[in-house]
Protein chains: 4
Amino acid sequence: CKDRLYNNYIKMAEMEAREKEKIDFVVIVTPNHTHYPIAKAFLEKGFHVVCEKPLTVNLQEAEELNELAKKNQLLSCVTYTYSGYPMVKQAREMIHHGELGQIRMVLAEYAQEWLATPIEKKGNKQATWRTNPGLAGKSNCVGDIGTHMEHTVSYITGLEIESLCAQIDTFVRGRKLDDNAEFMVKYKNEARGLYWCSQVAIGNNNGLKIRVYGSKGSIEWKQESPDYLKYCPLNKPVQYLSKGRDPLYPEGEKFVRLPAGHPEGFYEAFANIYSSFLESLISLKKGNDIGDEFDFPTVKNGLQGIKFVNLAINSSDSGSKWFKWEEN
Amino acid sequence: CKDRLYNNYIKMAEMEAREKEKIDFVVIVTPNHTHYPIAKAFLEKGFHVVCEKPLTVNLQEAEELNELAKKNQLLSCVTYTYSGYPMVKQAREMIHHGELGQIRMVLAEYAQEWLATPIEKKGNKQATWRTNPGLAGKSNCVGDIGTHMEHTVSYITGLEIESLCAQIDTFVRGRKLDDNAEFMVKYKNEARGLYWCSQVAIGNNNGLKIRVYGSKGSIEWKQESPDYLKYCPLNKPVQYLSKGRDPLYPEGEKFVRLPAGHPEGFYEAFANIYSSFLESLISLKKGNDIGDEFDFPTVKNGLQGIKFVNLAINSSDSGSKWFKWEEN
Amino acid sequence: CKDRLYNNYIKMAEMEAREKEKIDFVVIVTPNHTHYPIAKAFLEKGFHVVCEKPLTVNLQEAEELNELAKKNQLLSCVTYTYSGYPMVKQAREMIHHGELGQIRMVLAEYAQEWLATPIEKKGNKQATWRTNPGLAGKSNCVGDIGTHMEHTVSYITGLEIESLCAQIDTFVRGRKLDDNAEFMVKYKNEARGLYWCSQVAIGNNNGLKIRVYGSKGSIEWKQESPDYLKYCPLNKPVQYLSKGRDPLYPEGEKFVRLPAGHPEGFYEAFANIYSSFLESLISLKKGNDIGDEFDFPTVKNGLQGIKFVNLAINSSDSGSKWFKWEEN
Amino acid sequence: CKDRLYNNYIKMAEMEAREKEKIDFVVIVTPNHTHYPIAKAFLEKGFHVVCEKPLTVNLQEAEELNELAKKNQLLSCVTYTYSGYPMVKQAREMIHHGELGQIRMVLAEYAQEWLATPIEKKGNKQATWRTNPGLAGKSNCVGDIGTHMEHTVSYITGLEIESLCAQIDTFVRGRKLDDNAEFMVKYKNEARGLYWCSQVAIGNNNGLKIRVYGSKGSIEWKQESPDYLKYCPLNKPVQYLSKGRDPLYPEGEKFVRLPAGHPEGFYEAFANIYSSFLESLISLKKGNDIGDEFDFPTVKNGLQGIKFVNLAINSSDSGSKWFKWEEN
């Protein structure tokens, strides 16, 4: 199929649309600022889309893609990887089934260290585009990892943000975009949240960690040991649940491939996102009405991430005042 | 000495003042609202004082005690226990000697669970007075453990708060005082802080944890395993320092009693505070000028704790607006 | 290629041998007792072989396969998965380069719990064949996981066993094969070893853990958090090395696919074994002389595993007397 | 009481025996080889005795002291500190009450690093006497920490050793006594044990760790975090019990001084031994018949420790043959 290799996305979208056996969907894994035009081009031509996060570099673009996907009845997946881990799905189900009672407090953090020094000045490719406003958008740290954190919390707890107050920092001198941020959150149900994301936290690799405290219990999940879930029911001992060992809700169990203690990691989480996407795609192609609730993150979640970034920037720019979600 | 047992502190202060071989100092370990009158009574009669935290239940009282101690040239110790741990002292010295470079971010948390349900209604004595505004003052959680957290951060980092924004919560219905709080902090040197204290965090015993990130490295200390200090220098492997094993600065080494791996805990930390206090007291009695820098927390630190509580309440009451430290 | 699907291995070996574009190699993932005849059939017809461990159910068969592979100059891979982890390769290189000095003591354990009760009597398929001497051979636990443990130690340390003393246990009543075993080992260089493997150790998933103590330092690796390696150099702080973060020897670095903190697990370790095997295969097919040292476990290692099982059984059967390796 | 300070123990025993208000008991914390004559002197004069372990440097002396204490109806305490920790007592009670079912396997280790190099040649006082056969007896490592390990296992599990096989090593060249040892154990109830003690295990402080696996569950206790107990019941999640938080058996609860998460360490464990001893002493002085079961380790346990050392040496000297307990 060498004749179906294209040297730009516009041509690809056009040509593939004319094929008899056209591609089923397109995967967009390019720098942030190109997500929008590429996704738009394919959604307009009727192709389902899988896109990296952050979905776009501004709110308007994200809303447009959301509308477009809805209008053309297309599947759109935004690859928030961490929601693909079985124990994250287990956490979500435990909360959904009331095992933690009324949620009171959410602690989220996503700590990395790779930008602790100005490596973008020394030719590191990843660092160069991510700290360049022209390519990464208005935010580096919040856009790159803050959105993962926001989505994982939202996915696990189902809580909706009512208002937030953010402080966005650039600790490395001369850097053009942020490398650290803190957030205080009030949710609609009176729960509170405290978030931190950082790319200058020396000693941390990819430290996404979510803790949720409710009136009946708590859970804690750490991305670097993803197969385990700390769980503490009220007045009972602290427990550690293991993937493949302890009984999970079907939504998590479904994605357990290996016996207990055989580590599954990042690739498998990614694969779970894709496999859920494909399941929906197959069902859709069979002519089923697949509704609008999916077990993979969609452009709707991508839009929510962009709103989170947008609101955080507005808050931080105003001297860390509180902003309501609707002020987006 | 049965004739020197008194049934109230006023009598005790008066009578002891007349003794030839009078007591050296008094220790105040009564409920919060009584600290002020007792401390005042003894300071006025010329006695050195050791007092539990929070020093008082309002700012004015704390300032008065601070002035009184200064005026009468008396030693005053406020027992912020956690600054007595050798590895906390080690952390302080590492930062002081620049091993972490410029401090960027401080994460502090103090998570307990004991008030997750309304046990004050079931006769728990500790819970009853601590959640009673008449006995505990304007705050329960921030006053009781938030002040420990604030002091430990301040002790370790030497950072001064420029402004803060607080959200103080009462999650258990019907409770009269707070049981949870979040804080965003801006320090004078442009570092940022994020604090959380809670008494409703199910699964946590006495989870005081401090993390400090600088331009050259980071440290992490957890109160429940106090003999260890996680340390990560830039571009070097993550390390765990052990009390009694790895070389410490003299300020920490001084308080190491046992060989490595022989746990020292809360009692020993307390004892370290007292032993530092007594060292100063002995030196003072020998006629030395002992200056105004001590290796134990003083009424000045106690006053700072009260200011922290006060500012947090003001911020939270105003809808979590930012307040400057000077607005105290 | 439906005409090249065969319903038994004998036919497959014969027919493929006659093909022009014959298969490159065969993968054997059937129950233990069938490894030998299948491997033999393909090795005799000149096919390279990848085989699950334990290589065979007795020593004679293993030796025969080893000879056969040598004679026919064929690649033979025995999939001891755990040697595929990057941090295991790093451990091996550290020891090889003398970072631990003279090895003194090796502690190895492989603790599982899945056979703590007689689940073979309740229809568990895995349990049924593994505890059946007709299908699993003379040993269940030592053959299944003891061999992994032996190989990982041998791979990391390069030590050769001089003699061993074993106690093999069947704790679950009525079970026909072993479910637990302990070993004391003397190596040729005067180092000592202590091994334990168990399938009845309640609370353990797949707890392979290796610790090596030398005159200059120590390392510790745990299979359930495979991306990290605990390392302690003499008189230096304890360190935790992270895959993707800390500099590794090229032999380990080569297999790092993802940035630090993005977990890679069991599938990736397996893939590393295969990718090393394929690299050698490609080189061989290019006409290169590839020597007899490979970065994947071979039938030689498979044979060594069978010898370990054999010697352990002999020792245990004799009342846990010491046996020399040569007594195999 | 300056006239009751003595410059040798013989005089002290004699003089105190003549006093009207004589001392209640004597504490022996001198080098190993002096325990026997001192203990003997005081037991003969009718004094209760508290003695450091190992009780003596040979079996005959230990047996003599045991007989003497029995004959003179005196309390004798041997300070095996680790049995003083509340969570060790909890472990003992859990096993005693059948929560682990039939014990199958015991893993014990006591890993230190302080003798990894010949520091006795550089004037380290502790190292000098401990590696000197004239002062420490026939064993350094097994006598010093192996006995602790043996006692903690025996205290927790109640298991009696039927036979053992030991390998005792001296890894540091020129050292006169052992610095490492491994043990395989068969208990009278068909359970098995695997022990390791070392003073050359670089990276370890005071790593006493006990794991017990039974037919219904398992426990794990680590001396460096003594306030916690890992517990896993069959088919239930892994749990971590906390001192002061989770309900303990009265025998453990009795020694909990502080709220959950307030660390208690080595001093407190020691204090618990003494407080149990004193409780018995007071009861005895009140004229009660106090039987022969005590909640503190006695000279009987001290004797058992000496037998363990003795048997291990015999086994190791014979080329690590198995010895029955009775062959002592």
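Keep in mind it's a predicted model, so treat the numbers as computed, not measured.

> Explain the relation of the copies chain C and chain D to me, and be specific about the residues and the numbers.
The transform that puts chain C on chain D rotates by 180 degrees and translates by 0.0 Å along the axis, for an RMSD of 0.0 Å. Taken together, the rotation and translation relating the two chain copies correspond to the operation of a two-fold axis. Here 100% of the contact residues of chain C are again contact residues in chain D; the copies associate through an equivalent surface.

> Give me the sheet that holds strand 3 (residues 76–78) of chain B: which residues, what numbers.
Residue and element names in this part refer to chain B. Strand order in the open sheet made by the 3 strands is 1-2-3, with parallel pairing throughout. Both edges of this open sheet fall to strand 1 (25–28) and strand 3, since each of them pairs with a single strand only. Geometrically, the sheet is characterised by an average inter-axis angle of 10 degrees between neighbouring strands, direction not taken into account. Pairing geometry for strand 2 (residues 48–51) and strand 3, over 3 bridges, is parallel. Each bridged residue has a counterpart across the sheet, and for V49 the counterpart in strand 3 is S76.

> Lay out the interface of chain C and chain D in plain terms, naming residues and giving numbers.
Between chain C and chain D, the contact holds 43 residues from the first and 43 residues from the second. Buried surface at the junction of chain C and chain D, both sides included, amounts to about 3200 Å², of which 61% is carbon and sulfur. Sorting the residues of chain C by area buried against chain D places C:R104, C:M184 and C:I202 first, and these three jointly supply 22% of that buried surface. The partner of D:R192 in a salt bridge is C:D169, and the shortest N-O contact between them spans 2.9 Å. Taken together, the links from chain C to chain D amount to 14 residue pairs in polar contact (both at pLDDT 80 or more). Those elements that place two or more of their residues in the side of chain C that touches chain D are strand 4 (103–111), strand 5 (161–169), strand 6 (180–187), strand 7 (192–198), strand 8 (207–214), strand 9 (217–222) and strand 10 (228–233) of chain C. Looking at the side of chain C that touches chain D residue by residue, the classes come out as 21 nonpolar, 12 polar and 10 charged.

> So what's going on with the environment of C:N205? Which residues, and what values?
Among the structural elements, C:N205 can be located in the loop between strand 7 and strand 8. Counting along the chain gives 176 residues from C:N205 to C:V29, while the straight-line C-alpha distance between them is 22 Å. Residues in contact with C:N205, not counting those within four places in the same chain, are A:Y228, A:S242, A:R245, A:A260, A:G261, C:A111, C:Q112, C:E113 and C:E224. Here A:S242 takes part through its side chain, which lies 3.0 Å from a polar atom of the side chain of C:N205.

> Mind laying out the pairing of strand 4 (residues 103–111) of chain B, listing which residues take part and the relevant values?
All names here are of chain B. Within strand 4, 9 of the 9 residues are buried, which leaves the element mostly enclosed by the surrounding structure. Where strand 4 meets strand 8 (residues 207–214), 8 bridges bridge the pair, whose relative direction is antiparallel. Each residue of the ladder has a partner; that of V106, found in strand 8, is V212. Bridge count for strand 4 against strand 7 (residues 192–198) is 7 bridges, and the pairing is parallel. The residue bridging M105 from the neighbouring strand is R192, located in strand 7.

Rules used in this analysis
Residues numbered from 1 in each chain as written. Chains lettered and ligands numbered in written order. Predicted model: local features only at pLDDT ≥ 70, side-chain atom pairs only at ≥ 80, totals over all residues. Heavy atoms only, no water. Least-squares fit on C-alpha atoms with pLDDT ≥ 70 in both. Contact = heavy atoms within 4.5 Å. Pairing = 2+ DSSP bridges. Helix = DSSP H or I, 4+ residues; strand = E, 2+ residues; numbered from the N terminus. Axes fitted to C-alpha atoms, helices over the stretch in contact; angles between N-to-C directions. Buried area = accessible area lost by both parts, 1.4 Å probe. Salt bridge = Lys/Arg side-chain N within 4 Å of Asp/Glu carboxyl O. Polar contact = N/O pair within 3.5 Å; in protein donor to acceptor, adjacent residues only side chain to side chain. Nonpolar A, V, L, I, M, F, W, Y, C, P; charged D, E, K, R; others polar. Buried < 20%, exposed > 50% of the residue type's maximum accessible area, 1.4 Å probe, protein only.

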